[in-house]
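# Results of the structural survey
Now for the letters of each chain:
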Amino acid sequence: MAATQLTADLHPLLTEYVIKKLQKNRLTTVYSFVKVEAEQLLKITNLPAESIVLVKNHLIDQFAGRCQNAQSYPWQPAPSPLSTGVPSLDALLQGGGLLPGHIYELCGESGTGKTLLSLTMASNVVKQPGSMAYFIDTKCDFSGRKVQQILDSDDRKLSEQELGHAMARVRVERIFSPDLLVQTVEELAAGRYVDEGTNLKLLIIDSLPSLWYLYQDAQSSVEPLGLLTKLICSLRKLAAQRAVAVVLINLTVRVVEGMTEGKRKLCPNGNYSALGRYWESAPGTRLLLERHEHHAGSSARYHTVQVWKSNYLRSGERVIVRMTESGDR
Amino acid sequence: MCDTIESAFVAISRLASGSEATHNVDSVLFPDGGLRPGELIEISGDSNSGKSLLCLELIARIILPTSCGGLELGAVLIDCENSYSKTVLLSILEKHILNHAEPALASTLTDPHLLETIQRAALSRLHLITCYSLEQFEFSLLALPVLFVRQPELTFVLIDSIATFYWTKCTAKNLIRQDTYQKAHCKTLSRLAGKWKKIVLFTKPSHFGGRQASGRDFEANSAAGALSLDGSTQASSFAGQLTPSMSTASSAVSLIDHRIELTEIDNPSPGGSEQGSADQRFSAFITMADKQQYVRFYLIDKYGINWIEA
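Residues numbered from 1 in each chain as written. Chains lettered and ligands numbered in written order. Predicted model: local features only at pLDDT ≥ 70, side-chain atom pairs only at ≥ 80, totals over all residues. Heavy atoms only, no water.

### Side note on the overall build of chain A
When you go through chain A residue by residue, the secondary structure sums to eleven helices and eleven strands. Taking the principal axes of its C-alpha atoms as reference, chain A extends roughly 85 × 55 × 40 Å. Sorting the 329 residues of chain A into buried and exposed places 52% on the buried side. In chain A, once contacts between residues fewer than 6 apart in sequence are set aside, the share between residues at least 24 apart is 65%. Carbon and sulfur atoms make up 49% of the accessible area of chain A, which amounts to about 15200 Å² in all. Side-chain charges in chain A split into 37 positive and 33 negative, and the spacing between the mean points of these groups amounts to 3 Å. (Helix = DSSP H or I, 4+ residues; strand = E, 2+ residues; numbered from the N terminus. Buried < 20%, exposed > 50% of the residue type's maximum accessible area, 1.4 Å probe, protein only. Contact = heavy atoms within 4.5 Å. Areas by Shrake-Rupley, 256 points an atom, 1.4 Å probe, with all protein chains shown as cover. Lys, Arg positive; Asp, Glu negative; His and termini not counted. Charge placed at Lys NZ, Arg CZ, Asp CG, Glu CD.)

### A word on the overall build of chain B
Across its full length, chain B carries ten helices and nine strands. Taken across its 310 residues, chain B has 53% of its residues classed as buried. Nonlocal contacts in chain B, meaning residues at least 24 apart in sequence, comprise 70% of its contacts between residues at least 6 apart. For chain B, the accessible area works out to roughly 13700 Å², and carbon and sulfur atoms hold 56% of it.

### Concerning unusual backbone geometry
For the peptide bond that leads from D206 of chain A to S207 of chain A, omega is 0°, which places it in the cis range. When you line up the elements, S207 of chain A lands in the loop between β5 (199–206) and α10 (209–212). D160 of chain B connects to S161 of chain B through a cis peptide bond whose omega is -10°. Relative to the elements of secondary structure, S161 of chain B occurs in the loop between β4 (154–160) and α7 (166–169).

### Description of the domain arrangement of chain A
The domain boundaries assigned to chain A delineate domain 1 (1–76) and domain 2 (87–328). Computed from C-alpha atoms alone, the centre-to-centre distance between domain 1 of chain A and domain 2 of chain A is 40 Å. (Domains from an automatic or database assignment.)

### Observations concerning helix α8 (residues 178–196) of chain B
With 19 residues, α8 of chain B ought to run about 27 Å at 1.5 Å a step, and its terminal C-alpha atoms sit 27 Å apart, in line with that. Looking only at α8 of chain B, the buried set comprises Q178, D179, Y181, Q182, K183, H185, C186, L189, S190, L192, A193 and W196 of chain B. (Expected span 1.5 Å × (residues − 1).)

### A few points about the layout of surface pockets
The computed volume of the second largest pocket comes to approximately 1500 Å³. Taken together, 43 residues make up the lining of the second largest pocket; nearest its centre are I60 of chain A together with L141, L142, A143 and P145 of chain B. Taken together, the residues of the lining of the second largest pocket break down into 24 nonpolar, nine polar and ten charged. (1 Å grid on protein atoms, 1.4 Å probe; cavity = no way out; pocket = protein on both sides within 12 Å on 5 of 7 lines; lining within 4 Å. Points joined across faces, edges and corners; volume = space filled by probe spheres on them. Nonpolar A, V, L, I, M, F, W, Y, C, P; charged D, E, K, R; others polar.)

### Let's talk about the packing of aromatic side chains
Residues and elements named next belong to chain B. Across all of its chains, the model carries twelve aromatic pairs over all chains by this definition. Seen from their ring centres, F137 and F165 are 6.1 Å apart, and the 40° between their planes marks the pair as tilted. Within this pair, whereas F137 is found in helix α6 (residues 134–150), its partner F165 is found in the loop between β4 and α7, the two being separated by 28 residues in sequence. This pair shows no difference in class: F137 is buried, exactly as F165 is. For the ring pair Y181 and F208, a centre distance of 6.3 Å and an interplane angle of 80° mean the geometry is edge-to-face. Taken together, the positions of Y181 in helix α8 and F208 in the loop between β5 (199–205) and α9 (225–242) put the pair 27 residues apart, joining distant regions of the chain. Given a relative accessible area of 3%, Y181 falls into the buried group. Taken together, Y166, W167, Y181 and F208 form an aromatic cluster joined through their ring pairs. (Phe/Tyr/Trp six-rings, centres within 6.5 Å; stacked < 30°, edge-to-face > 60°.)

### Thoughts on the sheet that holds strand β6 (residues 258–265) of chain B
Strand order in the open sheet formed by ten strands is β1(A)-β3(B)-β2(B)-β4(B)-β5(B)-β1(B)-β6(B)-β7(B)-β8(B)-β9(B), and the pairing between neighbours is mixed. Here the strands that pair on one side only, and so sit at the sheet edges, are β1 (66–69) of chain A together with β9 (304–308) of chain B. Taken over all neighbouring pairs, the strand axes of this sheet differ in orientation by 25° on average, direction set aside. Across four bridges, β4 of chain B lies against β5 of chain B in parallel orientation. Note on β5 of chain B: the bridge partner recorded for L158 of chain B is L201 of chain B. (Pairing = 2+ DSSP bridges. Axes fitted to C-alpha atoms, helices over the stretch in contact; angles between N-to-C directions.)

### Considerations on the UniProt feature "domain: Rad51-like C-terminal" (unreviewed entry) in chain B
With numbering matched to this structure, UniProt assigns "domain: Rad51-like C-terminal" (unreviewed entry) to residues 22–203 of chain B. Between the first and last C-alpha atoms of residues 22–203 of chain B the distance is 22 Å; the span itself is 46% helix and 16% strand. (UniProt positions renumbered as here; feature names shortened; annotations may be inferred.)

### A word on the packing of helix α7 (residues 144–152) of chain A against helix α8 (residues 160–168) of chain A
To characterise two packed helices, one gives the angle between the axes of the helices and the distance between these axes. Residue and element names in this part refer to chain A. Where α7 meets α8, the axes come as close as 11 Å, and the angle between the chain directions of the two elements is 135°. One way to sum up the angle between α7 and α8 is to call them oblique. When the axes of α7 and α8 are compared, the crossing they make is right-handed. Residue-level inspection shows G144, V147, Q148, L151 and D152 of α7 in contact with α8, the latter providing L163, A166 and M167. Taken together, the residues of the contact of α7 with α8 break down into five nonpolar, two polar and one charged. (Parallel < 35°, antiparallel > 145°, perpendicular 65-115°, else oblique. Left-handed = near helix turned anticlockwise from the far one by under 90°.)

### Structural notes on the nonpolar core
Across soluble globular proteins, you tend to see nonpolar side chains buried next to one another. Counting 91 residues, the largest nonpolar core has L202 of chain A together with Y84, L126, F156 and I260 of chain B as the members making the most contacts within it. Per element, the largest residue contribution to this core is nine residues, and it comes from helix α2 (residues 51–63) of chain B. (Core = buried A, V, L, I, M, F, W, Y, C linked by side-chain atoms within 4.5 Å.)

### Description of helix α3 (residues 38–45) of chain A
Residues and elements named next belong to chain A. All of the buried residues in α3 are L41, I44 and T45. For α3, the buried positions fall inside an angular range of 75° around the axis, keeping them on one side. Along α3, exposed side chains directed more than 90 degrees from the buried face belong to E39 and K43. Looking at the buried residues of α3, the elements they touch are α1 (16–24), α2 (30–35) and α4 (49–63). (Arc of directions from axis to C-beta.)

### Some thoughts on the confidence of the model for chain B
Residues and elements named next belong to chain B. Of the residues in chain B, 76% have a pLDDT of 70 or more, and the chain-wide mean is 80. Confidence over residues 271–276 falls short of pLDDT 50; this stretch has three contacts with residues more than four positions distant or in other chains. Across the predicted assembly, pTM comes out at 0.86 and ipTM at 0.88. (pLDDT = per-residue confidence, 0-100.)

### Points about a nonpolar patch on the surface
On the surface, V295, F297 and I308 of chain B cluster together to form a nonpolar patch covering roughly 210 Å² of accessible area. The topology assignment puts V295 of chain B in strand β8 (residues 293–301). (Patch = residues over 30% accessible without salt bridge, like charges linked within 9 Å, V, L, I, M, F, W, Y side chains within 5 Å. Salt bridge = Lys/Arg side-chain N within 4 Å of Asp/Glu carboxyl O.)

Below, the structure is given as structure tokens:
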């Protein structure tokens, strides 16, 4: 995130002439302008002292984070949680579902049902007219047919038309580069891609490691970490300002013998989450998915969902979820 | 709304002179009296060890009225990690009110409406600044003095966390070590705290700013162990050219007055993967400015931090 450049449209007193004089003195960003002493600015710009103070205060106010009183923040009244469509999971999440404004991560080895669970969540969200789910697919695992199956398997049968509308409210985008992902998230935070009359309620990104594997052989980890920072900050902004629940999908990685340098948080089965130590504290809640033993003679598979880390749920709580052809129960 | 009108000069001198009072924020964490204006406190810990939660606990004690065991002062939380949760804070406030209310007040607390009124009044003393970028964060620090003047009862500044935007600052073209980054922020915060007579607390992950800074911060898969080592050696070799390294660690130490280190205590539970998870225990290792050190233990439940009486 480059520092914002000083331009004439920021304040009526910052004319092109003033900007040019500042640039000559190597003051090109807003921050550098604000940090410099007023006396020096007086000499450079020939603006009266009151004007300089006025402009500075205006810029600080504009670029600082919003300051709000805790009484009225966050939204009053609080938006209701999004049911995941899986009653036991809703109970685990304590509010009755996913909290808008919160960032969740589904973590687990391959084949533990992360994609299917996210599809179930998305399908459940779009059952409500006016609610949209945005699915960012990096692995080409999204299946429209699955979504239809999940919607069809509901007790309350949807009509053909309702089904069509619901499916149209699931927006899928295939993204294969981290930069494009960050850009899309920023655009979503700015309100793009959402139709009139619908609200984006859920954003799913499946999955993150498949994009950041591109940096596997990179010389230094500065760039991937910079992008991860950008991503999580944009996601937080999207979640908080637009009341969107965000679900990310991540892998767990097996511990390799001899890698004891730097303690990593291990989950109960001994693995740790991919993307490194920085990302450990990025999502607000990390849920671990694991395969449960088969129940003999049943076609359904059972998975456990456990709270690995959370800033509002108790860690260690878990439920068992049954995966069927038509999603999770 | 003001009872008196005073000139800006008088207002600022009044604020800057402050009281030399010590604020007894938390008798468990700081048993020997409290915190003094101008002090800087660091809260470090692993992921999920309760740093953000501890901030909310301290905020609760700051904003609650004195009739409920609080300081009845104002606080501002600069939230860079989206970790502020109103529901969690409300639970913590409820716990404190019920546990510490004066006898006269306690008898009336069966009325939930009264409880809500106290909570709402307390929340009005908390201000939140959310930052989604390094630039926003830097500007927010510059905007604090304006807030201090507008809200004179505001005495505490909490920042969660100061490491959030490090990788925005540290780019390939502008490598900067983690401890250098932290030291720069500590300097700014210390100056702010001293000038305006505020108490500043900040959180950071325990692995941030250590000797082997960037190792293991990023891994695509387990085979990337080699990658991370390269990352750290590159950063540290570059830093040799950045600043004459008089041991940066010790100068950072001198800026911070008190430290709290939170760690999870590994419980080798006999039951292994049993459903009834044994309560995770944590320890808080506190180092005060006068070199006193002591340990406290706690659990985390749905009402926040539960200190275990020794």
